[in-house]
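So you can see what is in the structure, the chains are spelled out below.
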4 protein chains.
Amino acid sequence: MTMDFMKDKPIYQQLVDLICGDIIRGSLKPGDRLPSVREYAVEAGVNANTMQRVYKELEQMDITETKRGQGTFVTENRERLAELREETMLGLVESFIHNMESLGFTQREMIEVLQSKERGE
Amino acid sequence: MTMDFMKDKPIYQQLVDLICGDIIRGSLKPGDRLPSVREYAVEAGVNANTMQRVYKELEQMDITETKRGQGTFVTENRERLAELREETMLGLVESFIHNMESLGFTQREMIEVLQSKERGE
Amino acid sequence: MTMDFMKDKPIYQQLVDLICGDIIRGSLKPGDRLPSVREYAVEAGVNANTMQRVYKELEQMDITETKRGQGTFVTENRERLAELREETMLGLVESFIHNMESLGFTQREMIEVLQSKERGE
Amino acid sequence: MTMDFMKDKPIYQQLVDLICGDIIRGSLKPGDRLPSVREYAVEAGVNANTMQRVYKELEQMDITETKRGQGTFVTENRERLAELREETMLGLVESFIHNMESLGFTQREMIEVLQSKERGE
DNA sequence: GTGGTCTAGACCACT
DNA sequence: GTGGTCTAGACCACG
């Protein structure tokens, strides 16, 4: 499964976001082992170094842990994961609000747009 | 007034976005004259080339018009402006929904968060 | 000036430590521009990518700032620098104490050794 | 008792250091028998190969001796142990001084910090 | 086999 | 010219 990447964001970032999403959403659970750097690199159709960087980034965010020679695992620190979910969501919401406000929309209007999207689209 | 820029987005983009926002929001109205490239460059604390590119970009989006020797003006084509407002807004909303969904949130939840933000904080 | 590196610690780490030291010691001051990645790479006799990584690390520590196309600068946030100095020093001291204690030395003895080093050696 | 290891130092090294500490401190005395490789491996939650290497390392440092079929014992050569204690301590002290000096601290300041730690905290 | 470091060289966007 | 990304491939220490 080679992936398709947006061209305006670095590949490694997109992969970080993807894996974060998997963890937050719960399709990757605490303690789960991630594929090896090389496996994942092949699977995603990127260079091993790029994947390496992804893993490093994840570890710096404290959402994975590395056990030498054994692999990379989703942290068992559930607090951290809850925190991650919360801060990621808040970040999205706030930047959404900020951007919409700078276009002159009120929060009431934002809610209305979302509601219309929910029903119809 | 040197500005502070996000480091992950090109400066010229941020300036484009900023001016677009001003126009959409109405603090810049159809027919209004924008500062000269050089003035604005100084004001924003930016290289003149960068500002040049901003103006070029705005013109390509058909939201400004350049009159030789007189300066750059917000287009009087109100349809285009309405359109811009709409497409910008829809882009924001859709990417917001997309990102939130990839975190496992439903549209219902998104609305709730926005509502809580509206009341509280 | 090609440098000599310890072999048990990654080169990029040693360079990070070196530059941190320069900043903490004050031989690099807030606002100072660091050499370009490529210049420094040549000077230190390492690959440009390695140097790149060093700069990235420094930026993540919030002790340098990058201005696109202009270069990398020591942060002007003096608080952060003072904090860095303090936390680095405390880290050293605490790990020193910890290691010495695990050899059965008391803090009194540590001080005595240091005092003897100060006078004679 | 699975142990927690620093991630920047090899596990086997940390175990060597730990046991050295026990010996230097005297909680393991000359002539004492160490657990078998397998026992210790289980106890520490470590691969048996890793533990094997630890024991090999200790023997190469001349601070343990292996008697075939009987096990591994702390050497009875007390001179060697005293020497070990001394060289370990000097190593720590010198690298401490070196690191602190490269941060711009004088030996006088180091002593003061240690003294404050002794009284306070 | 695992993660990690380093090199060498290409290419890109931004200023 | 600046920082940044990506590839390709080698090599290492660890478990």
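Rules behind the numbers
Residues numbered from 1 in each chain as written. Chains lettered and ligands numbered in written order. Predicted model: local features only at pLDDT ≥ 70, side-chain atom pairs only at ≥ 80, totals over all residues. Heavy atoms only, no water. Axes fitted to C-alpha atoms, helices over the stretch in contact; angles between N-to-C directions. Helix = DSSP H or I, 4+ residues; strand = E, 2+ residues; numbered from the N terminus. Parallel < 35°, antiparallel > 145°, perpendicular 65-115°, else oblique. Left-handed = near helix turned anticlockwise from the far one by under 90°. Contact = heavy atoms within 4.5 Å. UniProt positions renumbered as here; feature names shortened; annotations may be inferred. Near = heavy atom within 4 Å. Polar contact = N/O pair within 3.5 Å; in protein donor to acceptor, adjacent residues only side chain to side chain. Least-squares fit on C-alpha atoms with pLDDT ≥ 70 in both. 1 Å grid on protein atoms, 1.4 Å probe; cavity = no way out; pocket = protein on both sides within 12 Å on 5 of 7 lines; lining within 4 Å. Points joined across faces, edges and corners; volume = space filled by probe spheres on them. Nonpolar A, V, L, I, M, F, W, Y, C, P; charged D, E, K, R; others polar. Pairing = 2+ DSSP bridges. Domains from an automatic or database assignment. Buried area = accessible area lost by both parts, 1.4 Å probe. Salt bridge = Lys/Arg side-chain N within 4 Å of Asp/Glu carboxyl O.

Here we look at the packing of helix 1 (residues 11–25) of chain B against helix 3 (residues 48–60) of chain B
Residue and element names in this part refer to chain B.
Phase 1 of the analysis: Following both chains from N to C, one finds helix 1 and helix 3 inclined at 50 degrees, their axes separated by 9 Å at the closest point. Classified by the angle between their axes, helix 1 and helix 3 sit oblique to one another. Between helix 1 and helix 3 the crossing geometry is right-handed. Residues Ile11, Tyr12, Leu15, Val16, Ile19 and Cys20 of helix 1 form the contact with helix 3, whose participating residues are Thr50, Met51, Arg53, Val54, Glu57 and Leu58.

Quick look at the UniProt feature "domain: HTH gntR-type" (unreviewed entry) in chain A
Phase 1 of the analysis: Taken from the UniProt record, the annotation "domain: HTH gntR-type" (unreviewed entry) applies to residues 9–77 of chain A.
Phase 2 of the analysis: Across residues 9–77 of chain A, the secondary structure splits into 52% helix and 12% strand, with the terminal C-alpha atoms separated by 29 Å.

Considerations on the protein's contact with DNA strand E
Phase 1 of the analysis: Lining the immediate environment of DNA strand E, one finds 27 residues, of which Pro10 and Ile11 of chain B together with Ile11, Asn49 and Thr50 of chain C sit closest.
Phase 2 of the analysis: Restricting attention to atoms of DNA strand E within 4 Å of the protein, one finds that 69% of them are sugar or phosphate atoms.
Phase 3 of the analysis: At 2.2 Å from a phosphate oxygen of DNA strand E is found a main-chain nitrogen or oxygen belonging to Ile11 of chain C.
Phase 4 of the analysis: At a separation of 3.0 Å, a phosphate oxygen of DNA strand E approaches a polar side-chain atom of Arg53 of chain C.
Phase 5 of the analysis: Broken down by secondary-structure element, the contributors of at least two residues to the surface near DNA strand E are helix 2 (37–44), helix 3 (48–60) and strand 2 (71–74) of chain A, helix 1 and helix 3 of chain B together with helix 1 (11–25) and helix 3 (48–60) of chain C.

Some points on the relation of the copies chain B and chain A
Phase 1 of the analysis: The two copies are related by a screw motion: chain B maps onto chain A through a turn of 177 degrees and a shift of 0.1 Å along the axis, at an RMSD of 0.4 Å. Taken together, the rotation angle and the small translation identify this as a two-fold axis. Closest approach to the rotation axis within chain B is made by the C-alpha atom of Ile111 of chain B, at a distance of 2.9 Å.

Digging into the layout of surface pockets
Phase 1 of the analysis: Taken as a whole, the second largest pocket encloses approximately 710 Å³ of empty space.
Phase 2 of the analysis: Around the second largest pocket sit 26 residues that line it, and Thr66, Lys67 and Arg68 of chain A together with Phe5 and Ile11 of chain D are the ones nearest its centre.
Phase 3 of the analysis: Elements that contribute at least two residues to the lining of the second largest pocket include exactly strand 1 (64–67) of chain A together with helix 1 (11–25) of chain D.
Phase 4 of the analysis: Top contributing element to the lining of the second largest pocket by residue count: strand 1 of chain A, with four residues.
Phase 5 of the analysis: Class assignment for the residues of the lining of the second largest pocket results in eight nonpolar, 10 polar and eight charged.

Observations concerning the sheet that holds strand 3 (residues 71–74) of chain B
All names here are of chain B.
Phase 1 of the analysis: Read across the open sheet, the three strands follow the order 1-3-2; overall the sheet is antiparallel. Of all strands in the sheet, those bounded by a partner on one side alone are strand 1 (33–34) and strand 2 (64–67).
Phase 2 of the analysis: Of the strand pairs in this sheet, strand 1 and strand 3 are connected by two bridges, and their pairing is antiparallel. Each residue of the ladder has a partner; that of Leu34, found in strand 3, is Thr72.
Phase 3 of the analysis: Sitting on the sheet, helix 3 is in contact with strand 1, strand 2 and strand 3, with an inclination near 115 degrees to strand 2.

A short note on the protein's contact with DNA strand F
Phase 1 of the analysis: Around DNA strand F, a shell composed of 27 residues is seen, among which Ile11, Asn49 and Thr50 of chain A, Arg38 of chain C together with Pro10 of chain D lie nearest.
Phase 2 of the analysis: In this structure, a phosphate oxygen belonging to DNA strand F sits 2.9 Å away from a main-chain N or O atom of Val37 of chain C.
Phase 3 of the analysis: The side chain of Arg38 of chain C places a nitrogen or oxygen atom 2.8 Å from a base nitrogen of DNA strand F.
Phase 4 of the analysis: Sorting the residues of the surface near DNA strand F by element identifies helix 1 (11–25) and helix 3 of chain A, helix 2 (37–44), helix 3 and strand 2 (71–74) of chain C together with helix 1 and helix 3 (48–60) of chain D as the ones contributing at least two each.

Some thoughts on the sheet that holds strand 3 (residues 71–74) of chain D
Phase 1 of the analysis: Strand order in the open sheet formed by three strands is 1-3-2 (chain D), and the pairing between neighbours is antiparallel. Every other strand in the sheet has two partners, leaving strand 1 (33–34) and strand 2 (64–67) of chain D as the edge strands with one partner each.

Section: the domain arrangement of chain A
Size of an interface: often given as the accessible area lost when the parts come together.
All names here are of chain A.
Phase 1 of the analysis: One can read the domain layout of chain A as domain 1 (11–76) and domain 2 (79–119).
Phase 2 of the analysis: Taking only C-alpha atoms, the centre of domain 1 and the centre of domain 2 are 27 Å apart.
Phase 3 of the analysis: On the side of domain 2, five residues touch domain 1, which itself brings eight residues to the contact.
Phase 4 of the analysis: Summed over both partners, the interface of domain 1 with domain 2 comes to about 580 Å²; 80% of that surface belongs to carbon and sulfur atoms.
Phase 5 of the analysis: For the domain 1 face of the interface with domain 2, the top three residues by lost area are Ile24, Met61 and Ile63, together amounting to 62%.
Phase 6 of the analysis: One can count zero salt bridges joining domain 1 with domain 2.
Phase 7 of the analysis: Class assignment for the residues of the side of domain 1 that touches domain 2 results in six nonpolar, one polar and one charged.

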